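One-letter residues, chain by chain:
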Amino acid sequence: MKLILGSLLTCNLLFGFPIELNTIESNFKQTIIDDHNKSLVYYGKLWAKKPAIAHWSYQKPILKEMYIENSKVTIIEPDLEQVIIKDIGESIDIIAIISHSEAINPEHYIAHYNEKEYHIYLDGKFLKSIHYLDDFSNKTVIEFSELKQNSDIKKSDLEVIIPEDYDVIR
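Since this is a predicted model, take the numbers as computed values, not measurements. (Residues numbered from 1 in each chain as written. Predicted model: local features only at pLDDT ≥ 70, side-chain atom pairs only at ≥ 80, totals over all residues. Heavy atoms only, no water.)

J.: I would appreciate a short explanation of the environment of histidine 112 in the present structure.
T.: Locating histidine 112 in the fold gives a position in strand β8 (residues 108-113). Take histidine 112: its relative accessible area is 61%, and that puts it in the exposed class. When the C-alpha atoms of histidine 112 and serine 101 are compared, they prove to be 7.4 Å apart, with 11 residues separating the residues in sequence. Side-chain polar atoms of histidine 112 contact the side chain of glutamate 117, separated by 2.9 Å. (Helix = DSSP H or I, 4+ residues; strand = E, 2+ residues; numbered from the N terminus. Buried < 20%, exposed > 50% of the residue type's maximum accessible area, 1.4 Å probe, protein only. Polar contact = N/O pair within 3.5 Å; in protein donor to acceptor, adjacent residues only side chain to side chain.)

This is the structure we're talking about:
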């Protein structure tokens, strides 16, 4: 019996992330720490769906909506009454990052995606946090709470709605 359990654990460690992810819905806390050890903390909600669709709704300390579909990013900033729409040239797919990770141990996985290294931590079979260095070498930690994996996400949670009176920058 011990041999069977050990073999199953070894297979899980060799083959990567332990569950098939299609959707994620979660509250998040995003902490960005610069090279002077100063930090900025954001809170919000995330909806993500295969393939490469996500809505990050930042609620504190500022309001901001960020929608990602493949390589197109739409950022709505209510305080500035503006929308930024741009093609970033490469997909930012949180589910692909997680799904293509390799196990270090049952609670720690590593993914290499778009020339970045992501450390993914689990609590059992549930996503706990993601750690990585951003494009400015800031340490970024995203912690998840009230997580729902593979649940139905309403179409309206992923739909970009641009207020008519906002400036649009492309």
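J.: Looking at this model, I keep getting lost on the packing of aromatic side chains. Mind explaining?
T.: Aromatic rings considered in pairs are described by the distance between their centres and by the relative angle of their planes. Here the structure, examined in full by the defined rule, presents 4 aromatic pairs. Judged by centre distance (5.0 Å) and plane angle (75°), the rings of phenylalanine 28 and tryptophan 56 are edge-to-face. Taken as a pair, phenylalanine 28 in strand β1 (residues 23-33) and tryptophan 56 in strand β3 (residues 53-60) lie far apart in primary sequence, 28 residues in all. The exposure class assigned to phenylalanine 28 is buried, which follows from its relative accessible area of 3%. Taking the relative accessible area as the measure of exposure, tryptophan 56 reaches 8% and is therefore buried. (Phe/Tyr/Trp six-rings, centres within 6.5 Å; stacked < 30°, edge-to-face > 60°.)

J.: Is there a simple way to explain the pairing of strand β10 (residues 126-133) in this structure?
T.: Regular strands show a simple pattern: their side chains alternate between the two faces of the sheet. Of the strand pairs in this sheet, strand β9 (residues 116-123) and β10 are connected by 6 bridges, and their pairing is antiparallel. Looking at the pairing, aspartate 123 lines up with phenylalanine 126 of β10. In this structure, the hairpin formed by β9 and β10 is closed by a connection of 2 residues, where glycine 124 is found at a positive phi of approximately 70°. Of the pairings in the sheet, the one linking β10 to strand β11 (residues 139-149) comprises 5 bridges and is antiparallel in character. Along β11, the bridge assignment pairs tyrosine 132 with threonine 140. (Pairing = 2+ DSSP bridges.)

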